[in-house]
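Architecture and fold: a report
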There are 2 protein chains.
Amino acid sequence: MKLDPYWVTGFVDGEGTFYVGINSQPSMKTGFQVLPEFRIVQHERDIQLLYALKEFFNAGVVRVNHGDRYELRIRNLSVLKETVIPFFEKYPLHTKKSIDFIKFRKIILKMINQEHLTKEGIVRIIEIASQMNRADKPKAQEIKKDLQMDKDNVHACEKS
Amino acid sequence: MKLDPYWVTGFVDGEGTFYVGINSQPSMKTGFQVLPEFRIVQHERDIQLLYALKEFFNAGVVRVNHGDRYELRIRNLSVLKETVIPFFEKYPLHTKKSIDFIKFRKIILKMINQEHLTKEGIVRIIEIASQMNRADKPKAQEIKKDLQMDKDNVHACEKS
């Protein structure tokens, strides 16, 4: 199936998600792992379309999302930067999802710059991600508070 | 906002619905009214896109769907035949919604031929509509049974 790029952007305006997961990860210096992903979810009856989209982007995996729903998921940072972001810059989204895309791009670029590996960077990333209108990630304020407390502890130790 | 036709078909693959409502209407000869409609539903934050789609098709009304959701709805039979159907013939849907579209088109053409005004015609239309995977319309078997009973009554009267 040959997909027109404008069809792809229209379909993503309807069915796509730009998502940034923030997971608690005590083994990391910042305490958090940042997991951006672009995904498109479909009922299994349209799974062939997910494979066509995978071919279109030449990236990602098709996997179960939930129950009888499947998703194409792209997580690879350099693919997101080199393929996904330039695509939606060339064929812009028309829904308010375009605002999520801008925030998603901002976070990807920060990650490329390794900013997610510093506490200041991750606070900023969590702030941006928290404005992406996602229900399924930790509350930014709580994480910020944790990080702030942690930072205060470090300062306290330095002073003593 | 200028919409590309492929974007429109991609967006409709995600967010559009081809729907045929069958309403009990005792005042009509067949006892039923057939109401085909093409609609696109969006959260109110993207209402401007519904107006852009209205302009694109040069038809329809933007109205409340439910709660904070709005819809562009096109019901006019000649607009469906002259504008909507030719559009999706030229820019085909890629999801299984394309099967609904074929059934929708079949019903529209039957209506243009006035077939919905005969009992045989409406039985066939209800059969097709019942395969359109809609939850919110009466069950075809029940309506068929009603119509059959009604037909039997007519025959009984003719015989007496």
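Our subject is the structure listed above.
Below: a short report on this structure. (Residues numbered from 1 in each chain as written. Chains lettered and ligands numbered in written order. Predicted model: local features only at pLDDT ≥ 70, side-chain atom pairs only at ≥ 80, totals over all residues.)

**Quick word on the interface of chain B and chain A**
For interface size, the figure often reported is the accessible area lost on association. Rules: In this description, a residue-residue contact is defined by the distance between C-beta atoms placed from the backbone, which must lie within 7 Å. Numbering of helices and strands starts at the N terminus; helices are DSSP runs of H or I of at least 4 residues and strands are runs of E of at least 2.
With 17 residues of chain B in contact, the opposing surface of chain A contributes 17 residues. In terms of residue count, helix α1 (residues 5-15) of chain B provides more of the side of chain B that touches chain A than any other element does, nine residues in total.

**A few points about the sheet that holds strand β4 (residues 69-74) of chain B**
Residues and elements named next belong to chain B. Put simply, the test is: For two strands to count as paired, DSSP must find a minimum of two bridges between them. A fitted line through C-alpha atoms serves as each axis, taken over the contacting stretch for helices, and the angle formed by two N-to-C directions is quoted from 0 to 180°.
As summarised here, the arrangement of the four strands in space is β1-β2-β4-β3, forming an open sheet in which the pairing is antiparallel. Edge positions in the sheet fall to β1 (16-24) and β3 (61-66), since each has one partner strand and no second. Put simply, the sheet's adjacent strands are angled 40 degrees from each other on average, direction ignored. Pairing of β1 with strand β2 (residues 32-43) involves nine bridges; the strand directions are antiparallel. By the bridge assignment for β2, V20 is matched with P36. Running over the sheet, helix α4 (residues 97-112) touches β1 and β2 and is turned about 45 degrees from β1.

**Comments concerning the sheet that holds strand β2 (residues 32-43) of chain A**
Residues and elements named next belong to chain A. Reading across from one edge, β1-β2-β4-β3 is the order of the four strands in this open sheet, with antiparallel pairing throughout. Each edge of the open sheet is held by one strand with a lone partner, namely β1 (16-24) and β3 (61-66). Put simply, the sheet's adjacent strands are angled 40 degrees from each other on average, direction ignored. Those strands touched by helix α1 (residues 5-15) are β1 and β2, and its axis lies near 105 degrees from that of β2. This element, helix α2 (residues 47-57), spans β2, β3 and β4 (69-74) of the sheet and lies at about 5 degrees to β4.

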